[in-house]
Amino acid sequence: MRSMRTTLLAFCALLVACASGAGSEMSPAPAEPGVATAEAPLRIVSLSPTHTETLFALGAGDQVIAVDDQSNYPEGAPTTDLSGFQPNVEAIAGYEPDLVVLSDDIEDVSAGLQAVGVDTLLLEAPASLDDVYDQIARLGMAVGREEEAADLVASMRDEIDALVAEVPERAEPLRYYHELDDQLYTVTSGTFIGQVYALAGLESVADAADPGGQAGGYPQLSPEFLVEADPDLIFLADVKCCGQSAATVAERPGLSALTAVQQGRVIELDDDVASRWGPRVVDLLRAMVEATAAVPVG
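Only a predicted model underlies this, so the values are computations on that prediction, with no experimental measurement involved.

Participant: What is the right way to look at the overall build of the protein chain in this model?
Facilitator: Within the protein chain one finds 13 helices and nine strands. Expressed as a percentage of its 298 residues, the buried residues of the protein chain come to 49%. Of the accessible surface of the protein chain, which amounts to about 13,200 Å², a share of 49% is contributed by carbon and sulfur atoms.

Okay, here's the thing in structure tokens:
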């Protein structure tokens, strides 16, 4: 398995590449957007953890014959040693799929699969929640689960609306630091995940570290910057990968005096939920809203 740093940079590259909107592409071109074949595919390979989660949420798990080595949810997904970061056309084709779903077209794998008669559906990292909903709809169309996709989107919208309604009104938004790894890589408010934080009434302290967007919304902070910024809340998305916790943050030089540390507002997220944009984005927002609601107003 690749290192956290390599995975992080690959994930960030996906989001930066899609900063102006979500991408989707099917090969060969179908009669309608998102439709792979005349009949629903029965042998699907997913090379994206996000799309694996969505396929199962749509009830298409029985159609999925193989997923990449990072697809660890839901339990029972047919995980293999296939890589979404270094895809091998021959290895993928060996599963005899009639559809391969990807979130990135590294090494032009779509063309390679098309050359051996395999359809692909490319749904890249989204720029907004609307893009997420659109991807779910397209994936539902591609696998013959249109109604299920519509129901899933409606359910997500309802849950998100209900969570947003729980956010306390404040004169000023609370400020947060979202940790991608223990080297202090983080996100700004302009990223996809930053937009999810905004729904919980939160603003990133990293905005001042990337005002012109040179870092693509994923700057690396210094300990001094973080101490000066003194965020109201800290969210850790490097718990499983890097062994970080509220305790390890408090042990770092200078950080024990941070308001978030002193007030017990260091939230340990599920790394996977925090890095994927499928149906569990609702769970991510819920964690944010619960943390926000615990901070006294005024």
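Alright, that's what it looks like, and here's the rest.
Participant: What is the right way to read empty space enclosed by the protein from this model?
Facilitator: If you roll a probe as big as a water molecule over the atoms, it shows you where there is empty space left. Taken as a whole and judged by the stated rule, the model has two cavities of 30 Å³ or more. One number sums up the size of the second largest cavity: a volume of about 50 Å³. The wall of the second largest cavity is formed by T50, H51, T54, V132, Q135, I136, L139, W277 and G278. At the level of secondary structure, the elements contributing two or more residues to the lining of the second largest cavity comprise α2 (49-57) and α5 (129-142).

Participant: Sorry, what's going on with the pattern of salt bridges here?
Facilitator: Opposite charge on two side chains allows them to pair when their charged atoms are near. The full count for this structure, using the stated rule, is 11 salt bridges. Notably, a salt bridge pairs E53 with R276, separated by 2.8 Å at the nearest N-O pair. You can see E53 sitting in helix α2 and its partner R276 sitting in the loop between α12 (271-275) and α13 (281-293), a full 223 residues away along the chain. When salt bridges with common partners are traced through the structure, they connect E53, K240, D270, D272, R276 and R280 into a single cluster.

Participant: Any chance you could explain α5 here in plain terms?
Facilitator: Each α-helix turn comprises 3.6 residues. Residues three or four places apart therefore point the same way. An ideal rise of 1.5 Å per residue puts 20 Å on 14 residues; α5 measures up with 20 Å between its terminal C-alpha atoms. Among all positions in α5, only L129, D131, V132, Y133, Q135, I136, L139, G140 and A142 are buried. G144 lies just past α5 and shows a positive phi near 75°.

Participant: How should I be thinking about the pairing of strand β6 (residues 174-179) in this particular structure?
Facilitator: Every regular strand shows the same layout, with side chains that alternate between the two sheet faces. With five of its six residues buried, β6 lies for the most part within the structure. With three bridges connecting them, β6 and strand β7 (residues 202-204) associate as parallel partners. Across the sheet, the residue bridging to L174 is L202, located in β7. Bridge count between β6 and strand β8 (residues 233-236): four bridges; the pairing is parallel. Within β8, the residue paired with H178 across the bridge is F235.

Participant: Please explain helix α7 (residues 192-199) as it appears in this structure.
Facilitator: All of the buried residues along α7 are F192, I193, G194, V196 and Y197. Buried residues in α7 make contact with α5, β6, β7, β8, α12 and α13. Positive phi appears at G201, one or two residues downstream of α7, with a value of about 75°.

Participant: What should I look at first to understand the nonpolar core in this one?
Facilitator: Soluble globular proteins tend to pack their nonpolar side chains together in the buried interior. Counting 54 residues, the largest nonpolar core has L202, F235 and M288 as its most contacted members. Looking at which element gives the most residues to this core, the answer is α13, with seven residues. Apart from residues lying up to four places away in sequence, L202 is in contact with L174, Y176, Y197, L233, F235, M288 and T292. V205, L236, V249 and A260 belong to the second-largest nonpolar core, a separate cluster that totals 15 residues.

The rules behind each value
Per chain, the residues get numbers from 1 upward, laid out in the order the sequence is written. With the structure being a predicted model, the display of local features is reserved for residues of pLDDT at least 70 and the display and counting of side-chain atom pairs for 80 or more, all residues being used for whole-chain, interface and lining totals. To get the side-chain values, all heavy atoms of the structure are used, and hydrogens and water are removed first. Only runs of H or I of at least four residues qualify as helices and only runs of E of at least two qualify as strands under DSSP, and these elements are numbered from the N terminus. Burial status follows relative accessibility: with a 1.4 Å probe on protein chains alone, a residue under 20% of its type maximum counts as buried, one over 50% as exposed, and anything between as partly exposed. Per-residue accessibility takes into account occlusion by the displayed protein chains alone, with areas from the Shrake-Rupley method and a 1.4 Å probe. Method remark: on a 1 Å grid restricted to protein atoms, a set of points is classed as a cavity if a 1.4 Å probe fits but cannot get out and as a pocket if it is open with protein on both sides within 12 Å along at least five of seven lines; lining residues have an atom within 4 Å of a point. Grid points are joined across faces, edges and corners, and a volume is the space filled by probe spheres set on the points. By convention in these notes, a salt bridge is any Lys or Arg side-chain nitrogen within 4 Å of a carboxyl oxygen on Asp or Glu. A helix's residues, less one, multiplied by 1.5 Å, set its expected span. Should DSSP find at least two bridges between two strands, the strands are taken to pair. By definition in these notes, contact holds between two residues if any of their heavy atoms fall within 4.5 Å. Among the buried residues, those of types Ala, Val, Leu, Ile, Met, Phe, Trp, Tyr and Cys that are joined through side-chain atoms within 4.5 Å form a nonpolar core.

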